[in-house]
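Coordinates in review
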Amino acid sequence: MLFLTIFTETMNKDRKILVTGGAGFIGSHTVVSLIESGFTPIIIDDFRNSEKFILDRINQITALHPIAYEFDCADQNKLREVFTEHEIGGIIHFAADKAVGESVKLPLKYYENNIQSLVSLLKIAIEFKVPDFVFSSSCTVYGEPDKVPVDENAPIGFTASPYGYTKQVCERICRDTAYAYSNLKITLLRYFNPIGAHPSGLIGELPLGVPNNLVPFVTQTAAGIRDQLTVFGNDYPTVDGTCVRDYIHVCDLADAHVAALNPSKEEGGVNIFNVGTGLGSSVLEVVRTFEKVNNLSVNHKIGERREGDAAAVFADNSKISSELGWKPKYTLSDALAHAWTWQKQLNEK
Ligand SMILES: NC(=O)c1ccc[n+]([C@@H]2O[C@H](COP(=O)([O-])OP(=O)(O)OC[C@H]3O[C@@H](n4cnc5c(N)ncnc54)[C@H](O)[C@@H]3O)[C@@H](O)[C@H]2O)c1
């Protein structure tokens, strides 16, 4: 095992991986995983939805200050400068706008950023003969799946939001590009519901304004930033009537990106993997687990159903586990404890 670790780290050494959106929630945890696996991450982020102090926090965790560039990653001229300066061995493309509700109000912002940045990066990847490209997709591409657990062969479904549609369009762009340029291997990772924070509590999710996702809303309610959490509907056909989702610890999700790069297997084509725990948890289970593990209570009420919410969505993760050897290490309790550690230090900041 020790030999394997040393061998893998030696193999990765000096392999530079470009991480767009590397100061963001999932990107920053992935930068940590990359460093711990012996890669050299190069971040591009324009900090439109993140803070620069995250780079210092990555340094605190890994004792390495990652190289970071501040610009819009849709800018091909600036990308070209970075690729000329560094020999990039792989790209992980996180940078995107991600707020489902905002995308309904500002669809063009989402179409512009999410699609243009992908097209620019793919063009540069081809120009500089980069072998590996990993794209942040989402289980939202399945819409409301016919059956759960949902596997990668499930049909692409109807997605109501412009955000969800950008993920479907971006997946199609990746497929077409991988088909046309066989030297480029593209991996689409379909994330389920990323939650939690680094166990140190030094990096985590930084929602701007009112959080869209359940766990930041729970932690902010527990911290007194929000008065009350509303649970949208308790009459779904689930264990306790509330919606069921697959909550994946962000550090496990980060490791899936490293697994997708390492080893760089077959050439060309598009590979698709669900990244989820394979377990569904209801909203009330999340709230109760959070209360129990952190020994506090969360003020919540039951509200009306929210339009467009599927009753239950959770992953069949057997493909990523058998093909890439990836398995989640953390439990829901771990993730909720780490999310609270992160929230507490944010309050102190
Ligand atoms: N968090 C989730 O629940 C979730 C679920 C499924 C998929 N995803 C996808 O994963 C990716 C990362 O999500 P996240 O939660 O870490 O989001 P995030 O907002 O925390 O991180 C995105 C980062 O990208 C940066 N960025 C955005 N557009 C940019 C641009 N044009 N140029 C340079 N930097 C830019 C932002 O400043 C931010 O640091 C996104 O593509 C998102 O759609 C997220």
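Reference entry: report on the structure contained in this document. (Residues numbered from 1 in each chain as written. Predicted model: local features only at pLDDT ≥ 70, side-chain atom pairs only at ≥ 80, totals over all residues. Heavy atoms only, no water.)

**With respect to the overall build of the chain**
The line we're drawing: Secondary structure counts use DSSP, requiring at least four H or I residues in a row for a helix and at least two E residues in a row for a strand, with both numbered from the N terminus. We take the radius of gyration over the C-alpha atoms and set the globule estimate at 2.2 Å times the residue count to the 0.38 power. When a residue's accessible area, from a 1.4 Å probe over protein chains only, is under 20% of the maximum for its type it is buried; when over 50% it is exposed; and in between it is partly exposed. Whether two residues are in contact is decided by their heavy atoms, any of which lying within 4.5 Å being enough. Calculation of accessible area relied on Shrake-Rupley with a 1.4 Å probe; when residues are assessed, cover is drawn exclusively from the protein chains displayed. Just so you know, the count uses Lys and Arg for positive and Asp and Glu for negative, and it drops His and the chain ends. A charged residue contributes its charge at one atom only: NZ of Lys, CZ of Arg, CG of Asp or CD of Glu.
Across its full length, the chain holds twelve helices and 14 strands. Whereas a compact globule of 349 residues would reach a radius of gyration of roughly 20 Å, the chain reaches 19 Å, a difference of no more than 12%. Across its three principal directions, the C-alpha atoms of the chain cover 55 × 40 × 40 Å. The buried share among the 349 residues of the chain stands at 54%. A sequence separation of at least 24 residues applies to 80% of the contacts in the chain between residues at least 6 apart. Put simply, the chain shows about 15800 Å² of open surface, and 52% of that area lies on carbon and sulfur atoms. Charged side chains of the chain number 32 positive and 42 negative; the gap between the two group centres comes to 0 Å.

**Here we look at the pairing of strand β4 (residues 88-93)**
Our working definition: At least two bridges found by DSSP between two strands is the condition for calling them paired.
The buried count for β4 comes to six of six residues, which makes it a mostly enclosed element. The sheet contact formed by β4 and strand β5 (residues 132-138) spans three bridges and is parallel. Residue pairing for β5: I92 is matched across the bridge by V134.

**Structural notes on the site of the ligand**
Under the convention used in this document: Here a residue is near a molecule or strand as soon as one of its heavy atoms is found within 4 Å of it. Whenever a nitrogen or oxygen atom comes within 3.5 Å of another N or O atom, the pair is scored as a polar contact, on the condition that within protein one atom can donate a hydrogen and the other can accept it, and that pairs from neighbouring residues in sequence are kept only if both atoms are in side chains. Amino acids are sorted into nonpolar (Ala, Val, Leu, Ile, Met, Phe, Trp, Tyr, Cys and Pro), charged (Asp, Glu, Lys and Arg) and polar (every other residue, Gly among them).
Near the ligand lie 27 residues; those nearest to it are D45, N49, S50, N113 and Y163. Here D45 contributes a side-chain N or O atom positioned 2.6 Å from an oxygen atom of the ligand. C73 is positioned such that a nitrogen or oxygen atom in its backbone is 2.9 Å from a nitrogen atom of the ligand. Of the residues that constitute the shell around the ligand, the class distribution is twelve nonpolar, nine polar and six charged.

**Re unusual backbone geometry**
In this structure, the amide linkage connecting V148 to the following residue, P149, adopts the cis form with an omega of -5 degrees. Among the structural elements, P149 can be located in the loop between β5 and α7 (162-180). At A63, a position not held by glycine, the phi torsion is positive, near 65 degrees. For A63, the position within the fold is in the loop between α3 (53-62) and β3 (67-69). Phi angles above zero are rare outside glycine, and K129 is one such case at about 55 degrees. Residue position: K129 is located in the loop between α6 (107-127) and β5. For K129, a relative accessible area of 72% gives the class exposed.

**Digging into the packing of aromatic side chains**
Which entries qualify depends on this criterion: Working definition: rings of Phe, Tyr and Trp (its six-membered ring) pair if their centres are within 6.5 Å, and the pair is stacked with planes under 30 degrees apart, edge-to-face with planes over 60 apart, and tilted otherwise. A positively charged side chain is recorded as over a ring if its NZ (Lys) or CZ (Arg) lies within 6 Å of the ring centre. The angle to the ring normal must also be within 35 degrees.
If you walk through the whole model with that rule in mind, you get four aromatic pairs. Between Y111 and Y165 the ring centres are 6.3 Å apart and the planes differ by 85 degrees, which places this aromatic pair in the edge-to-face class. Of this pair, Y111 sits in helix α6 while Y165 is found in helix α7, placing the two residues 54 residues apart along the sequence. In this structure Y165 comes out as partly exposed when scored by relative accessible area, which is 41%. Its guanidinium or amino end placed over the ring of Y236, R305 lies 3.9 Å from that ring's centre, counting from NZ or CZ. Sitting over the ring of F273, K319 keeps its end group 4.5 Å from the ring centre.

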